[in-house]
Amino acid sequence: MRFLLPTFVSLLSLASSAFAAFGLTTSGSNYVVDTGAGLVFQVSRNTGDIVSLVYNGIQVQDSSKFSHIGSGLGSSNVAGTTINNQYIKITVNAGTTTHYYIAKMSGRISGDPIVYMATYITAEPSVGELRFIARLRKSAVPNGVTAAQIEGCSVIEGSDVFLVNGQTRSKFYSSKPFIDDQVHCVSGSRVGVCMVIPDTSYESSSGGPFFRDIDNQGSSQQELYFYMNSGHVQTEAYRMGFHGPYGLVFTSGGTASPSLDFSFFSQLGINGFVPKSGRGYVSGTVSGVSSDGVVHWYNSNAQYWVKGTGSFTSPPMKPGTYTMVLYKGELKVNTITGVTISAGQTTSRSIASAENVPSSIVFRIGTADGRPTGFKNAAQQLYMHPSDSRMSSWSPVTLTWGSFSTSDFPMAQVKTVNDPTTIKVSLSSTTARTLRIFTTLSFAGGRSSVKVNSYSAPVPAAPTKIDSRGLTRGAYRGYGEVYTYSIPSSALVTGGGSSGTGFLNPNFIYDAVEFY
């Protein structure tokens, strides 16, 4: 007993010091939040920047640049409070932007190693994009997306595309479509940091399910992002109001779960947060799309989506009237307007593909699904610049139908770089035909021009301008223009014939080409 009692008292003392730390204090000009789960973070009481992130004794926050909305909100009204002895809320008010940091107890005396966050805006930030950036110590979390690690590289385009040993790098090459981007991480040997963004947390972002934006950049810091909106291949107006919620989750090095429970936000007075009880649903069936179907709802205030080719139920949606879209892959194949959602109710609405598919064709190159999958350089374009040494050649090609594969056809047509693309096809008759070119993205007014033998088809009007690079920054999705050309019988000859279609030059990205 002489030895057991001191041992028991010592263990009890250690347990108390390890698990009773959840709380909010101040140190100098900072709030100090101890989550009771190995994570202690500090927030400036002057600017709302996170200035320290210590996890299990490791300082993860970079000391030269801090973590914050954009490049920092500057002088702000910052207030910290403890709610019901269970939650810590720090509110950063900077005029049109209010940002929240939350810590939560998950047990009686310990919490989660998570910085829960949300952002509320009444106007777009002056920089023209809304993003949270965690700027972390590279030595603590050296592992990020390889294609986005730019330290030691030289600039080759703008200020955001770099080259090292013949390989190109850019923060844009870390992007994933919103619909597939619920968690992205950086890591080291003893710590991992993950940005977790559950499905409905994109509801106030812009661009729809296939929009993609920056997740990571590794320079002298390791930067981890949540881009809520930006002008990067922007196709939709920005949404105001509540953005998120989202979380910065700390692990021992692994990937965090993509699911976080934010229901407790309803107890915290978070501006704009709508709990599940204030939301409704849509249920129904998808028909006419055999695989890779997506249903999308949107209005000026919110957007939602769900994958499915049969029965579906939407995520919990804020009340309102929505437009409903069905995609085959990323190709829009039907649109329904006037879908109304009410709190606590489920609206029944099904949707079927209305895609116009020719009954017979002379040839089809690629699959009309809203993306350049399968074309030459398409797989690499997501994470490298067209000039990258790992890319296949960009040059004009002449292809004979029946003797080439989809991977021989270029993913993009770039003026003076690889135009024209010529297709030779043998016809058994001179019947008038239709040529249809599906595209996914245009840059600088790029669109197809067509010549069949000696016949030149009228050049279509310039597409709607998107004021952003796409091909060179790993993006391929814009408005998805489809160009249809009527080819008169006088332009065709039996036997062999040909047709042609005309990196920062005007360009467009192919989805598919049909001749019928």
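Small disclaimer: the values here were computed from a predicted structure and weren't measured.

Trainee: How should the side chain of Ser175 be read in this particular structure?
Mentor: With respect to the secondary-structure elements, Ser175 resides in the loop between strand 14 (167–169) and strand 15 (176–177). In terms of polar contacts, Ser175 uses its side chain to reach the backbone carbonyl oxygen of Phe172, at 3.2 Å. What Ser175 contacts, discounting residues up to four positions off in sequence, is Arg212, Asp213, Ile214 and Asp215.

Trainee: It is not clear to me how the pairing of strand 37 (residues 482–487) should be interpreted in this structure. Could you clarify?
Mentor: The two faces of the sheet receive side chains in turn, since in a regular strand these alternate between them. What you see with strand 37 is a clean split: Tyr483, Tyr485 and Ile487 sit on the buried side and Val482, Thr484 and Ser486 on the side with no burial. Bridging between strand 34 (residues 433–443) and strand 37 involves six bridges; their strand directions are antiparallel. Paired with Phe438 across the strands is Val482, a residue of strand 37.

Trainee: For this particular structure, what's the right way to read the state of the cysteines?
Mentor: Throughout this description, disulfide means a covalent bond between two cysteine sulfur atoms. All told, the structure shown has one disulfide when counted by the stated rule. A sulfur-sulfur separation of 2.1 Å characterises the disulfide bridge that pairs Cys185 with Cys194. Judged by the sign of its S-S torsion, about 105°, the bond between Cys185 and Cys194 is right-handed.

Trainee: Help me understand the environment of Met228 in this model?
Mentor: Relative to the assigned elements, Met228 resides in strand 20 (residues 221–229). Judged by its relative accessible area of 0%, Met228 is buried. Distance from Met228 to Pro488, taken between C-alpha atoms, is 48 Å for residues 260 residues apart in sequence. If we ignore the near neighbours within four places in the chain, the residues touching Met228 are Ile69, Thr119, Leu130, Arg131, Phe132, Ser205, Ser206, His243 and Tyr246.

Trainee: I tried to follow the sheet that holds strand 12 (residues 154–157) on my own but got confused; where do I start?
Mentor: Think of a sheet as strands paired side by side through backbone hydrogen bonds, with each pair either parallel or antiparallel. What the three strands build is an open sheet, ordered 12-13-14; its pairing is antiparallel. The open sheet terminates on both sides in strands that have one partner only, identified here as strand 12 and strand 14. Going across the sheet, the axis of each strand differs from the next one's by a mean of 45°, ignoring polarity. Inspection of the sheet shows strand 12 paired to strand 13 (residues 161–164) by three bridges, in the antiparallel sense. Bridge pairing links Val155 to Phe162 in strand 13.

Here is what the cut-offs are and how they apply
- Residues numbered from 1 in each chain as written.
- Predicted model: local features only at pLDDT ≥ 70, side-chain atom pairs only at ≥ 80, totals over all residues.
- Heavy atoms only, no water.
- Helix = DSSP H or I, 4+ residues; strand = E, 2+ residues; numbered from the N terminus.
- Polar contact = N/O pair within 3.5 Å; in protein donor to acceptor, adjacent residues only side chain to side chain.
- Contact = heavy atoms within 4.5 Å.
- Buried < 20%, exposed > 50% of the residue type's maximum accessible area, 1.4 Å probe, protein only.
- Pairing = 2+ DSSP bridges.
- Disulfide = S-S within 2.5 Å.
- Axes fitted to C-alpha atoms, helices over the stretch in contact; angles between N-to-C directions.

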